[in-house]
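So you can see what is in the structure, the chains are spelled out below.
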Amino acid sequence: MSAKNTVGSYVGQAIERQEDAALLGGQALFSDDLPIAAGTLHAAILRSPHAHAEIVSIDTIAAKALPSVAAVLIGSDIQQYSDPFITVLKRPIDEWSLAVDRVRFVGEAVAVVIAEDRYKAEDALDLINVIYKPLPAVINPKEAAKENAPILYPEAGSNVLSERHFKYGDPDGAFAKSKHKVSIEIDYPRNSQTPLEGYVVVASYNKFDDAYEVNANFQGPYTVHPVMSRALRVPGSRFRMQTPAHSGGGFGVKQAIFPYVVLMCLAARHVGRPVKWVEDRLEHLTAATAAPNRIIQAEAAVQEDGRVTAFRFVQLDDYGAHLRPPMPGPLYRQHGLMTGAYDVPNLAITNRLVLTNKTPSGMVRGFGGPQIYFAIERLMHRIAIELGMDPLDVIRRNLVASDSFPYRAAGGALLDSGDYQKAIDLGVNDGGLDELKRRREKARAEGKYYGIGYAAIVEPGQSNIGYLSTIVPFKERQKAGHKGGSVSHATIHVDPMGVVSVTADCIPQGQGQATVLSQIVADQLGLKPEDIKVSLEHDTQKDPWSLATGNYSSRFSSATAVAAHLAAKKVREKLIAVAGQALNVTTDDIELTGGKIVDSKNPENFLKFHRVAGLTHWEPGKLPTGMAAGLSETASWAPPELDPPTEGDQINTSLTYGFLFDYCGVEIDPHTAEIRIDKYVTTHDSGKLLNPLIANGQIYGAFAWGVGCALLEEFAYGEDGSFLTGTFADYLCPTSVEIPEPQILHMETPTPFTPLGAKGIGEGNCMSTPVCIANAVCDAIGAENVNLPIYPAKLLPFIDREETAPPQDIALSQRQQTPDGGRAIVGEGNIFAPTDPETVWQTLLDPRHLAAIIPGCQNLEVVGENAYRADVNIAVGPIGGMFRAEISLSDLDPPKSVTLSGSLAGPLGSSAGSGKVRLTQEENGTRIDYTYSVEVSGKVAAIGGRMLDGASQVLINQFFKRLIVRLGGEPIEKPTLWARFLRLLGFNR
Amino acid sequence: MRELKSDRQHKITFTLDGRQVSGDAEPHLLLSDFLREKLGVTSVHVGCEHGVCGTCTVHIDGKAVRACLTFAVQVGNRRVDTVESLSNNEGELNDLQSAFRKHHALQCGFCTPGILMSVEHYLRHNSDPTESDVRDMLSGHLCRCTGYVGMVRAIMETAAKRKSGI
Ligand code: FES
Ligand code: FES
């Protein structure tokens, strides 16, 4: 940067980031790196292995007896000091920071151990004995919404907590009159951007003040601050939240840390020492949070020429097991904008919110946008097919016209500015759509599967804090008081030496806000960005904050950035006034440039910036009359366009509305159905770009996650509620080989609603990319619809190819759906015993023998006729732990056949299974045939879905081998390919 | 081979970023926890502790290794280098780090130390990689923020410069 740069030119430049050196050199401190007080204790959490169960009893005596354990807390303990979290809907759906009486999802926190270190705390978890009474679980939202479904909160009477119907314009009339009705149903999966750094909480309690202090990587919104302080029964002033300058990714997800913040506060209070908790990866994937999965029936009334006159959406949004604030935000964040980029005057919406036995939903980047745009843009694609039109023509025919801004959408969004047709021209021309179409033609001519998909979306920025109140009718809103708006803060301090420092309310998660703020402030003060020290760790006891504080809804560029701009202007005006007096010139003639404050008419007449700043500190008595001493200015910014919802339920859900036009070409392998993104073009109008380097970084990042959502990422559950994706080997994140480099194109239509003109940019591709790819895939294979994530197996039915039979050696056991919908492992085997059936029979029925045969069995008790209870130590590959087994023998047909049924429950999960054993007399002994079926849930299912088949089989085979050894024989084993494979994986016992 | 008692602390002496250091560890203590908690090397991050994400990557005797899949007792008398060895004491970044900054190859920076260590190891043995080689190599790491674009550019540029001796 040369010294010639004048005031006002740093904003808009692709300046390298202030933050980077410390991050690249390993000096940046993340939450887990911050120093903690000596004597701080460490927490580990015991979690539910069941998706739905009553807690019958919890025995913590053995865990508490360990010398390194300071305390073990369970639900009834924390109820003494805390209240349930307040919820957006006033319903009997109380949730505390630990489960009370009932667990409602796999991974729900049941107890917390506080010990000297984390290793010891985790060891103690194994000694807590919880008895559960399993209840039927419900996973599918449609099933959960049915009347006879298992109910998560019986007092609420239903899993459907809210149902609202909205009408804007005359949708029924438009549908009645329309020539075509086109519809589609989409089922958007559960996923999350899963930051690489998990949650970290350090909490302490001051008993003399009855006050809590927390340092955590919480990202806001601070609407959740009162939720936490009220749960802790203290006013906000006695709940101090500090957040670090560096966070290892947020993506909204670090909002859902709040139940753990409360839990660690209660733990610290209980033990009288600071307590630290660091979430591990399994905990994060299992229990942190997920974007709500959503089913949408979308319908459009369409005229002959492709013009849409009405949309109808029926949405069923799945919030998992609890409704944690600010949920159900994703269902309403887009409410004003349900018509997307289109000028559609008539709109009908039904919103239903349902609970299921899954991890509670929360904030995840995109926040409702990916779901609804998947419906809208798939629908536009369907309209084109059904009317025999080109999808891009359908899009163009319906766009909001460039001369209609600011445009009030049917649902109430006030689209601030843009020129959507022009953006599409830019994308088509500079992105090379014609060439891409030729590529498709050529590929198809060669017999390949090649498709092109489009998406045109409006990207909201900075949420209206009042939009969620649309969930209750106007009358109720009137009673409760209307809500609407959004406040942001920034403070600039100039010290006596002229050093400028900035603090603000943006709670960064890695996006580079410090750099952008330094550009904004430098421009106003005639300094260089590197002269500005920006410190973004936040402290509710020292920094200004409001409900909107935080890092979410792409608010930075139209919220905090504007507040910093306004604060810098205040400092600038003050400096000008002081300098005017000192230089004896009229203030109109003064310029701030190059570190000087100059009389523009006579550039020789100037003062150095630090001299003028110093005057406000050194000679406060000489300041112009009425001017406050010192040089610290805070500005707050609350845009007037963010009104509360109207009587007709119209709501301007966000402040700024950018525009994206994406298209892509994909090719599908004719043999494997693998999807390759051949080319991806994304055109953005995000208003003024404050720093193009950082802006593009946001696009690349959102795009990458969009590709992950399209092709790989999903939190998978068994129908019984077991969680199946607890490692990064199961929950698949895209790597550098799956994500192509998109071509990014920009145009800049500044928003007239902020002085900086910038709009949000960080979420658009999370919304546009999944549906753009899905549209291309449908185009390639001619499918009517496809649900995410699109993995090859879903496409095979559409592909014309020869089936190859699976290799036979490996088909020993397999996963199957059980009759009640659960996920089970089934298998069979046989073995030879060198003795007669009667002896085998007696051995099987004798508890002493049984104790010796069951792998890892300790203290087998007889609890009834042919019924036993045993503690079993299981170790298979990386999985190990103590389990409580219940075993019974039934259908006895001596000495021919018997049914063995049993269940296992332990800290790692639970399983239930049964098997049939048949004995056949042969020449020198007995042939034993067995079949089995096992269902597993809990941690084992979450981390090793793929290993379970092998593990169960190993255990069962072990059982029969030990039986043979017991009978004096040698188990004859034919080393199959499968056995060798298992041995490779470590299953070699 | 040295015999280790499972419940005992064992003294480990090794070279860390060029300095001789020592500390005590039980046999089951992971190298990542040992470095972070006992020696205060917080630049070694852990993102999964099961070997998939690569954030914990360090060099052991010059080779890139996952610290979360290594026990502390395995590094006795060996050389361990972390990302802290790449910049000098005056706070100057090396060429690869500077290229990462120039190309905006990091956002939150949590994945970055591990990725830099893998890349350094890789470039030492592959001086002229193609973009697809680089992408293949990077696929041993997860980054949730950047989409890898800036990283690929930074690595390609650094490789070219190192090759031509700039
Ligand atoms: S923490 Fe070591 S690979 Fe993820
Ligand atoms: S920069 Fe955040 S994970 Fe890579």
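Residue positions are given per chain, counted from 1 along the sequence in the order it is written. Key to labels: chains lettered from A, ligands numbered from 1, both in the order written. In view of the model being predicted, local features appear only for residues whose pLDDT reaches at least 70, and side-chain atom pairs are presented and counted only at 80 or more, with totals across whole chains, interfaces and linings using the full set of residues. Hydrogens and waters are ignored; side-chain quantities use all the structure's heavy atoms.

A. A look at the side chain of Asp 589 of chain A. All names here are of chain A. Each helix is a run of DSSP H or I of at least 4 residues and each strand a run of E of at least 2, with the numbering of both proceeding from the N terminus. By secondary structure assignment, the location of Asp 589 is in the loop between helix 17 (560-583) and strand 23 (590-593). A relative accessible area of 17% places Asp 589 in the buried class. Each residue touching Asp 589, except ones within four places of it in the same chain, is listed here: Val 598, Asp 599, Ser 600 and Lys 601. Each residue gets one of three labels from its accessible area relative to the maximum for its type: buried under 20%, exposed over 50%, partly exposed in between, using a 1.4 Å probe on protein chains only. Two residues form a contact once any of their heavy atoms are found within 4.5 Å.

B. Structural view of the interface of chain A and chain B. Contacts between the two partners involve 47 residues from chain A and, on the opposite side, 48 residues from chain B. The junction of chain A with chain B conceals about 3800 Å² of combined surface from both sides, 58% of it contributed by carbon and sulfur atoms. Any carboxyl oxygen of Asp or Glu within 4 Å of a side-chain nitrogen of Lys or Arg constitutes a salt bridge here. There are five salt bridges connecting chain A and chain B. Salt-bridge contacts for Arg 101 of chain B lead to Glu 16 of chain A; the nearest nitrogen and oxygen are separated by 3.2 Å. Any pair of nitrogen or oxygen atoms within 3.5 Å is treated as a polar contact; in protein, a donor-acceptor pairing is required on top of that, and neighbouring residues in sequence qualify only through side-chain atoms on both sides. Where chain A packs against chain B, one counts 21 residue pairs in polar contact (both at pLDDT 80 or more). At the level of elements, helix 1 (20-25) and helix 19 (692-711) of chain A are the ones that each hand at least two residues to the side of chain A that touches chain B. Here the residues of the side of chain A that touches chain B are counted per class, giving 21 nonpolar, 16 polar and ten charged. Throughout, the accessible surface (probe 1.4 Å) given up by two parts as they are put together, summed over both, is called the buried area. Under the convention adopted here, Pro, Cys and the residues Ala, Val, Leu, Ile, Met, Phe, Trp and Tyr are nonpolar, Asp, Glu, Lys and Arg are charged, and Gly plus all remaining residues are polar.

C. Here's a closer look at the pattern of salt bridges. Residues and elements named next belong to chain A. Applying the stated criterion across every chain, the model contains 61 salt bridges over all chains. For Lys 179, the salt bridge is made with Glu 304, and the minimal N-O distance between the two is 3.7 Å. Of this pair, Lys 179 sits in the loop between helix 6 (171-177) and strand 8 (180-188) while Glu 304 sits in the loop between strand 13 (293-302) and strand 14 (308-318), and the two are 125 residues apart along the sequence. Here Lys 179 falls in the exposed class, since its relative accessible area comes to 58%. With a closest N to O distance of 3.2 Å, Asp 505 and Arg 555 form a salt bridge. With Asp 505 in the loop between strand 20 (500-504) and helix 16 (513-525) and Arg 555 in the loop between strand 22 (538-539) and helix 17, this pair connects stretches of sequence that are 50 residues apart. Arg 555 shares its class with Asp 505; the two are buried.

D. Expanded view of the sheet that holds strand 2 (residues 19-25) of chain B. All names here are of chain B. Between any two strands, pairing holds if DSSP finds at least two bridges. If you trace the five strands from one edge of the open sheet to the other, you get 2-1-5-3-4, paired in mixed fashion. The open sheet has two edge strands, strand 2 and strand 4 (63-66), and neither has a second partner. Each adjacent strand pair in this sheet contributes to an overall mean axis angle of 40°, direction not counted. Note: strand 1 (residues 10-16) against strand 5 (residues 79-81), two bridges, orientation parallel. Note on strand 5: the bridge partner recorded for Leu 16 is Val 80. Where helices are involved, their axes are fitted lines through C-alpha atoms of the stretch in contact, as for all axes, and angles between N-to-C directions lie from 0 to 180°. The strands touched by helix 3 (residues 112-125) within the sheet are strand 3 (57-60), strand 4 and strand 5, with strand 3 carrying the most contacts at an inclination of about 40°.

E. Just the packing of aromatic side chains, in detail. Residues and elements named next belong to chain A. A pair of Phe, Tyr and Trp rings is counted when the ring centres sit within 6.5 Å of each other, with Trp represented by its six-membered ring. The angle between the planes then sorts it: under 30 degrees is stacked, over 60 is edge-to-face, the rest tilted. According to the stated counting rule, one finds 23 aromatic pairs over all chains in the structure shown. Each ring, one from Tyr 222 and one from Trp 545, has its centre 5.7 Å from the other, and the planes form 55°; the classification is tilted. Here Tyr 222 is found in the loop between strand 10 (211-216) and helix 7 (224-231), whereas its partner Trp 545 is found in the loop between strand 22 and helix 17, with 323 residues between them in sequence. Considering the side-chain rings of Phe 311 and Phe 313, the 5.4 Å spacing of their centres and the 35° angle between planes classify their relative orientation as tilted. The exposure class assigned to Phe 311 is buried, which follows from its relative accessible area of 0%. Given a relative accessible area of 0%, Phe 313 falls into the buried group. Our definition puts a charge over a ring when NZ of Lys or CZ of Arg is within 6 Å of the ring centre and also within 35 degrees of the ring normal. The ring of Tyr 153 is capped by Arg 104, whose NZ or CZ atom sits 3.8 Å from the centre of that ring. Against the face of Phe 606 rests Lys 596, its NZ or CZ located 4.7 Å from the ring centre.

F. Summary view of the pairing of strand 10 of chain A. Residues and elements named next belong to chain A. In terms of strand pairing, strand 9 (residues 200-206) meets strand 10 through six bridges, oriented antiparallel. Within strand 10, the residue paired with Val 202 across the bridge is Asn 215. The turn joining strand 9 and strand 10, which pair antiparallel and follow one another in sequence, is formed by four residues; a positive phi near 50° is taken by Asp 210. Relative to strand 11 (residues 239-243), strand 10 runs parallel, the two sharing four bridges. Bridging from a neighbouring strand, Asn 215 pairs with Gln 242 of strand 11. Regarding the hand of the β-α-β motif, the stretch spanning strand 10, helix 7 and strand 11 is right-handed. Consider the strands pointing away from the viewer: the crossover is right-handed when the path from the first strand over the helix to the second runs clockwise.

G. Here's a closer look at the sheet that holds strand 25 (residues 606-608) of chain A. Residue and element names in this part refer to chain A. Spatial strand order, 23-24-25: three strands in an open sheet with antiparallel pairing. Strand pairing shows two members of the sheet lacking a second neighbour, strand 23 and strand 25, which therefore form its edges. Pairwise comparison of adjacent strand axes, ignoring direction, gives a mean angle of 20° for this sheet. Alignment of strand 24 (residues 596-599) against strand 25, held across three bridges, turns out to be antiparallel. Among the inter-strand pairings, Ile 597 is bridged to a residue of strand 25, identified as Leu 607. Across the sheet, helix 17 lies against strand 23, strand 24 and strand 25, angled at about 120° from strand 23, the strand it touches most.

Honestly, it's all geometry; don't read function into it.
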